[in-house]
Amino acid sequence: MGLIDQWFSKGGWRQTLLQGFNLRAEEAERTFLMFAFYATTSIGLVWLEAITADLFLSEYKAEGLPWIYIASAGIGSGLSFIYSQLQKILPLRRVIVIIALLMAAPLVLFWLGLSAQAIYPLEFWKVSTVGITIFLMRLWVEALNVLNDLNTAITANQLFNIREIKRTYPLISSGILVADVISGFSLGFMIKLVGNLQNMVLLSCVMMAIGAGILFYLSSAYQQAFPDFLRRRSGSEEQASEFSTNRSVQGSLRRYIILLYLFFILSQILFLLIDFRFLGALEEFSTSEGQIAAFLGVFNGILGLFEVAMQWLASSRLIERVGVFFASLLLPGGIGILSAFAISSLAWQEPLVSQWAWTLPLFLILLALKFYDELLHYTLFASVGPVLFQPVPDGVRSHVQAMVRGVAEPWSTGATGIALLTLGWFLGDRQLDILFPVMLVLALVWVAVILLLRAKYVNLLVISADRGQLTRDVDELELRRKLLETLEKPGSEKRKESCIDFLSKVYPKSACELLATRLVDFSPALQRKSLEAMLLYPSAVSLSQVKDLIEQAPSANVLALALRFVWITEEDPDIRRLRVYLKSEVDPVVRGTASSLMMRQGDSTQKAEATNTLRRMLTHKSEKERVMGCRALGEAVYLQALRIYIPNLLQDESLRVRWAILDAIAATHLEEFYPSLLRGLQYKSTREAALKAVVRLHNEALPMLVKLAEDIQKPDIVRLHAWQAIGLIGTPEALDALISHLVMSWGNNRRNILRILLEIPEETGIESTLKQMGRRGVEQFIDQELMFMGQIYAALLDLSPQTMWMREADLLKRALEGLLLDAQERLFLLMQFLYPIGAIKAAAFNLQSASRSNMARGLEILDNTLDIPNKRALLSLLDRNSEEEKLRNLSEIFDDQRSLPSDRLRQLLELRHFLSDWAIACCFHLAKQAHWSLTSEQVISCLRHPKGFVREAVLSYLWMASPRAIQTLLPLLQKDPDRLVTAQVKKMLRELELKRGNSAEVAGNPSTKLLNISS
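Residues numbered from 1 in each chain as written. Predicted model: local features only at pLDDT ≥ 70, side-chain atom pairs only at ≥ 80, totals over all residues. Heavy atoms only, no water.

Novice: Which parts of the structure should I look at to understand the overall build of the protein chain?
Specialist: Along the protein chain, the regular secondary structure elements total 49 helices and 0 strands. Long-range contacts, defined as pairs at least 24 residues apart, comprise 73% of the intrachain contacts of the protein chain with a sequence gap of at least 6. (Helix = DSSP H or I, 4+ residues; strand = E, 2+ residues; numbered from the N terminus. Contact = heavy atoms within 4.5 Å.)

Okay, structure coming up:
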């Protein structure tokens, strides 16, 4: 942990500050340094951009900008290719620093080129050198924008895992906005301070070099975050790429991707046209050197203030309130309106009026247009862009995103440059005037593309909802509208059921309002589904629609739900109307529901009548009657007269009845029958129903579930389901119970808890674990596993040479190898708390292969993913190294000396709480066969072990090592709960009776060592 992390970890107002930025103490230093690097480098870049714009317009005028656009078309893809090639010959932590230095290095040459007049007095040489230098500077600015963003994104992805970067990257990315403010307001002063624009180039170089220095410190202080493997294309990547490029995208998805291309291409073209026209206007108004740079500085400073405020305070809230697509429409809509104003200002031009009379309004409109475009482009547009890729399937999403942002946008830049040159050749001076109509038309086309995207977007999301693949990272307003449209239009029942399920999860409190008006038109299955969703949050607003449904005599299941909705929702329901549903000829589903409602809301007479109805149902010969009666019990409140039937129902011959009564116990919170729920977990037939029942109790069930899970005398499968029930409850208290026991557990218990926490939806278990334990806590668990594996490897080395001839030694060796596999499994589970689950699973899958290439691929995935301090040791343990080499690589966290086999066995038993039951038993069998002495504490402790075969192994050892002690212990173990142990005790007692007269011979055996444990 760095100094800044330690400073923030002291608590108090420091923790409050971190919470305000949504950061954790262990992330503070990395986040601050990344922000400092990005902001410092961006300050130099913004200075250079303003200076270059001034020099370029003075030298080449605005007409030269199209050549820059054309030349920069291949810069983005070319630099990305160079970046990837560098990673093949250099470690990544060196590549990022070299790139940062290369960004600054040419600025020294540019400074010399701009000073060529002083060095070379020849006029011809001066003009050619300065002109070429300015042109190259403008191109290099385009390259720097690409390199700066690329270097920052790659470094951040290495320093932070996928969960950390969601919190840290918004703060890091705001470095460019802060740089706009600082560099913008300071540029004019700095120009006066250094004397001219040429020296400002050198000052920009210094700022970017400082940023490179910060990056060098980061890469050195956090070396573990960067892979040692040189980047190469693995087989899995090749397969993914081949899948992405060769898979034919058909139908709606294909059209959607085409619209995505148009969306981003149009945004880039309009951005360039506005920039081109704005710089052209600056050229017309400038009168002296440095004036454009000073103006751009102030403009960027004011713009930066608004961008920071927009990004930190308004962007996310605006998108959440109005939706992704309405937010997207703000940019082209505003451009279109301002372009129309600009066209109007051009129409006001009169030949006899001076140039300033009509260009000043036009310049002000251009100023507003540039400000509006920059403000929304780097805030709202940057935020909505990733969401638009959500409907694209995972298998092709990254490829499509790379093609759109990395290929389509650069080439659209080049195409824009060619178009501007063509317009200049054909239209001459009228080129600038025609740009506004072009911008207006493009803005309108962009609006049309957004509207088409909106329709395709929600169609694809509905398909995702139908497949159960929908995430919450979508535009929920559009999704809600489209889901309702899907319910109203003809379509498959399955899709409509998926829509209702999703509505009940995303908008549960609005389900009544959204579904009630459509109940009459739905099929019985959809009516049932809708009423179940509406009953989660019943509202009186929907009463009339549900009553209309009842009058249509729907199916029994639908009628039962509708009755429950009406009589729960009405303020003063007429319970007498329910009597008609208590008749024996009425379906049991409806009769049971009516009885439970009368018991809940009726008077004493009505409750007695309903109780008699339920009594007849609970004792009826028909299974369906008894099942419906049990379900009605779960919906009732007044059960005093019916409790006497519950014990018999718990032992009913029908499994469905037993399931229903378990659910009723949980629904009515009958505490005296809670032990029956726990017993239900022990039997396979009732385990699922009992699990659902205890989960329904929520926090009320936690104490008894924790007690059951902690009981080492219970079977492992029962304890596992107790932990699973706690995980399914999922409340903060349940998660606290899991996490607190995670710290104290080991072996299968820890593995089970880790799996349960990982399986909790929406990564709630992962986030809660990291919030309570912190990243460092999970890393300490990984270190524990590594040290444990070191102990096992040391034992394998010490025990193998002298004892391999023994069968018991071979059994212990296999048990220890199994412990290594268990520890490796726990390692991969722990890594999933810190890193993308898919990457960790892919690495684990490849490492299980017998192929060396697959293993190398798995190690490379981990090397590019992990950033824990002991990454090198972990990778060594997973590689095909010898046991001696693995121990050497663990030397930093595990220092162990070679020992005698007997000493090593005793040391293993000191770690008995970390060993498996079978490994402990093997230790005693080997000690018996090799005649090795063990300590009294080890023997007594394992004699109390919950597993019978472990106690049996201890008794076998004592029979050899301490006959006197075994004579004292055997009478106490005759009633052992394990049949294996009792049979062994009986056998030993018989042998003792036979050998009672020969005890002196046993005591004189020099190969045994008596243990004084009879006390």
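Novice: Hey, could you run me through the packing of helix α3 (residues 28–60) against helix α10 (residues 175–194) in this one?
Specialist: Two measures define how a pair of helices packs: the angle their axes make with one another and the distance between the axes. For the pair α3 and α10, the least separation of the axes is 8 Å and the interaxial angle reads 45°. Taken together, the axes of α3 and α10 are oblique relative to one another. Relative to α10, α3 is oriented so that their crossing is right-handed. Taken together, the residues of α10 that come into contact with α3 (itself represented by Phe35, Tyr38, Ala39, Ser42, Ile43, Val46, Trp47 and Ala50) are Gly175, Ile176, Val178, Ala179, Asp180, Ile182, Ser183, Ser186, Leu187 and Met190. Along the lines of polarity and charge, the residues of the contact of α3 with α10 split into 13 nonpolar, 4 polar and 1 charged. (Axes fitted to C-alpha atoms, helices over the stretch in contact; angles between N-to-C directions. Parallel < 35°, antiparallel > 145°, perpendicular 65-115°, else oblique. Left-handed = near helix turned anticlockwise from the far one by under 90°. Nonpolar A, V, L, I, M, F, W, Y, C, P; charged D, E, K, R; others polar.)

Novice: Which parts of the structure should I look at to understand a positive patch on the surface?
Specialist: Taken together, the side chains of Lys928, Lys986, Lys987 and Arg990 define a basic patch exposed on the protein surface. With 3 residues, the top contributor of residues to the positive patch is helix α48 (residues 979–995). Topologically, Lys928 is positioned in helix α44 (residues 917–930). Judged by its relative accessible area of 32%, Lys928 is partly exposed. (Patch = residues over 30% accessible without salt bridge, like charges linked within 9 Å, V, L, I, M, F, W, Y side chains within 5 Å. Areas by Shrake-Rupley, 256 points an atom, 1.4 Å probe, with all protein chains shown as cover. Salt bridge = Lys/Arg side-chain N within 4 Å of Asp/Glu carboxyl O. Lys, Arg positive; Asp, Glu negative; His and termini not counted. Charge placed at Lys NZ, Arg CZ, Asp CG, Glu CD. Buried < 20%, exposed > 50% of the residue type's maximum accessible area, 1.4 Å probe, protein only.)

Novice: Could you clarify how one ought to interpret the pattern of salt bridges in this entry?
Specialist: Where charged atoms from two side chains of opposite charge approach closely, those side chains can pair. In total, this model carries 35 salt bridges according to the counting rule given. With its nearest N and O atoms 2.2 Å apart, the salt bridge here joins Asp867 to Arg775. Of this pair, Asp867 sits in the loop between α40 (852–865) and α41 (871–878) while Arg775 is found in helix α37 (residues 764–803), placing the two residues 92 residues apart along the sequence. Accessibility assignment for this pair places Asp867 and Arg775 in one class, buried. Note that Asp810 and Arg814 form a salt bridge whose closest N and O atoms lie 3.1 Å from each other. Highlighted residues: Asp810 and Arg814, both in helix α38 (residues 807–831), separated by 4 residues, approximately one helical turn. Take Arg814: its relative accessible area is 55%, and that puts it in the exposed class.

Novice: I tried to follow the side chain of His377 on my own but got confused; where do I start?
Specialist: With respect to the secondary-structure elements, His377 resides in helix α16 (residues 355–377). The residues touching His377, leaving out its near neighbours within four places in the chain, are Ser267, Phe271, Leu331 and Ala382.

Novice: For this particular structure, what's the right way to read the nonpolar core?
Specialist: Ranked by internal contacts, the top residues of the largest apolar core, which has 189 residues, are Leu705, Met831, Leu862, Leu874 and Phe924. Among the elements that make up this core, the one with the highest residue count is α37 (16 residues). Filtering out sequence-adjacent residues up to four positions away, Leu705 remains in contact with Leu678, Leu681, Val694, Ala722, Ala725, Ile726 and Ile729. Counting 124 residues, the second-largest nonpolar core is a separate cluster that includes Leu79, Met103, Leu279 and Leu435. (Core = buried A, V, L, I, M, F, W, Y, C linked by side-chain atoms within 4.5 Å.)

Novice: For this particular structure, what's the right way to read the packing of α10 against helix α11 (residues 197–221)?
Specialist: Orientation of α10 relative to α11, taken along the N-to-C sense of each, is 110°, at an axis distance of 8 Å. Between α10 and α11, the crossing angle belongs to the class labelled roughly perpendicular. Along this stretch, α10 crosses α11, giving a crossing that reads as right-handed. Together, Leu187, Met190, Ile191 and Val194 of α10 and Leu197, Asn199, Met200 and Leu203 of α11 make up the contact between the two elements. Taken together, the residues that form the contact of α10 with α11 break down as 7 nonpolar, 1 polar and no charged.

Novice: What should I look at first to understand the packing of aromatic side chains in this one?
Specialist: The relative placement of two aromatic rings is captured by the distance of their centres and the angle of their planes. Enumeration according to the criterion identifies 11 aromatic pairs in this entry. A centroid spacing of 6.4 Å and a plane angle of 15° characterise the contact between Phe295 and Phe299, whose relative ring orientation is stacked. With Phe295 and Phe299 both in helix α14 (residues 291–322) and 4 residues apart, the pair spans about one turn of that helix. A residue is classified by how much of its surface remains accessible, and Phe295, at 29% relative accessible area, is partly exposed. The buried category is assigned to Phe299, whose relative accessible area is 8%. Ring centres 6.1 Å apart and planes at 80° place the aromatic pair Phe299 and Phe371 in the edge-to-face group. Of this pair, Phe299 sits in helix α14 while Phe371 sits in helix α16, and the two are 72 residues apart along the sequence. Here Lys370 stacks its cationic end above the ring of Phe271, 5.1 Å away from the centre of that ring. A cation sits over an aromatic face here: Arg750 above Phe781, 4.2 Å from the ring centre. (Phe/Tyr/Trp six-rings, centres within 6.5 Å; stacked < 30°, edge-to-face > 60°. Lys NZ or Arg CZ within 6 Å of the ring centre and 35° of its normal.)

Novice: Mind showing me how you'd approach the environment of Leu282 here?
Specialist: With respect to the element layout, Leu282 can be found in helix α13 (residues 251–285). Under the relative-accessibility criterion, Leu282 is labelled buried at 5%. Distance in space between the C-alpha atoms of Leu282 and Phe295 is 8.9 Å, their sequence separation being 13 residues. Setting aside its immediate chain neighbours within four residues, Leu282 contacts Leu57, Ile292, Phe295, Leu296 and Phe363.

Novice: Teacher, can you tell me more about a nonpolar patch on the surface here?
Specialist: Together, Phe185, Val298, Ile302, Leu305 and Phe306 give the surface a local cluster of nonpolar side chains, amounting to about 450 Å² of exposed area. You can see Val298 is positioned in helix α14.

Novice: How should helix α46 (residues 948–961) be read in this particular structure?
Specialist: Residues three or four positions apart in an α-helix share a direction because the helix packs 3.6 residues into each turn. When the terminal C-alpha atoms of α46 are compared, their 20 Å separation across 14 residues agrees well with the 20 Å that a helix rising 1.5 Å per residue should span. Counting buried positions along α46 gives 12 out of 14 residues, so the element sits mostly inside the fold. The complete set of buried residues in α46 reads Gly948, Val950, Arg951, Glu952, Ala953, Val954, Leu955, Ser956, Tyr957, Leu958, Met960 and Ala961. (Expected span 1.5 Å × (residues − 1).)

Novice: Any chance you could explain the side chain of Lys871 here in plain terms?
Specialist: Structurally, the position occupied by Lys871 is in helix α41. We classify Lys871 as buried; its relative accessible area is 0%. Reaching out from Lys871, the side chain makes a polar contact with the backbone oxygen of Leu866 at a distance of 3.4 Å. Setting aside chain neighbours within four positions, we find Lys871 in contact with Gln224, Ala225, Phe226, Pro227, Leu862, Asp863 and Leu866. (Polar contact = N/O pair within 3.5 Å; in protein donor to acceptor, adjacent residues only side chain to side chain.)

Novice: What am I meant to see in unusual backbone geometry here?
Specialist: Both trends apply: most residues other than glycine have a negative phi, and most peptide bonds are in trans. If you check the backbone angles, His669 has positive phi at about 55° while not being a glycine. In this fold, His669 is placed in the loop between α30 (655–668) and α31 (674–680). One non-glycine residue, Glu763, lies in positive phi territory at about 55°. In this structure Glu763 comes out as partly exposed when scored by relative accessible area, which is 29%.

Novice: Sorry if this is basic, but what is going on with the confidence of the model for the protein chain here?
Specialist: It should be kept in mind that the predicted coordinates are not to be read in detail where pLDDT is low. In the predicted model, the protein chain carries a mean pLDDT of 80, and the fraction of residues at 70 or more is 83%. In this model, residues 118–127 is a region of pLDDT below 50 whose contacts with residues beyond four sequence positions or in other chains number 4 contacts. With pLDDT under 50 throughout, residues 465–472 is counted as low confidence; its partners more than four residues away or in other chains account for 12 contacts. (pLDDT = per-residue confidence, 0-100.)

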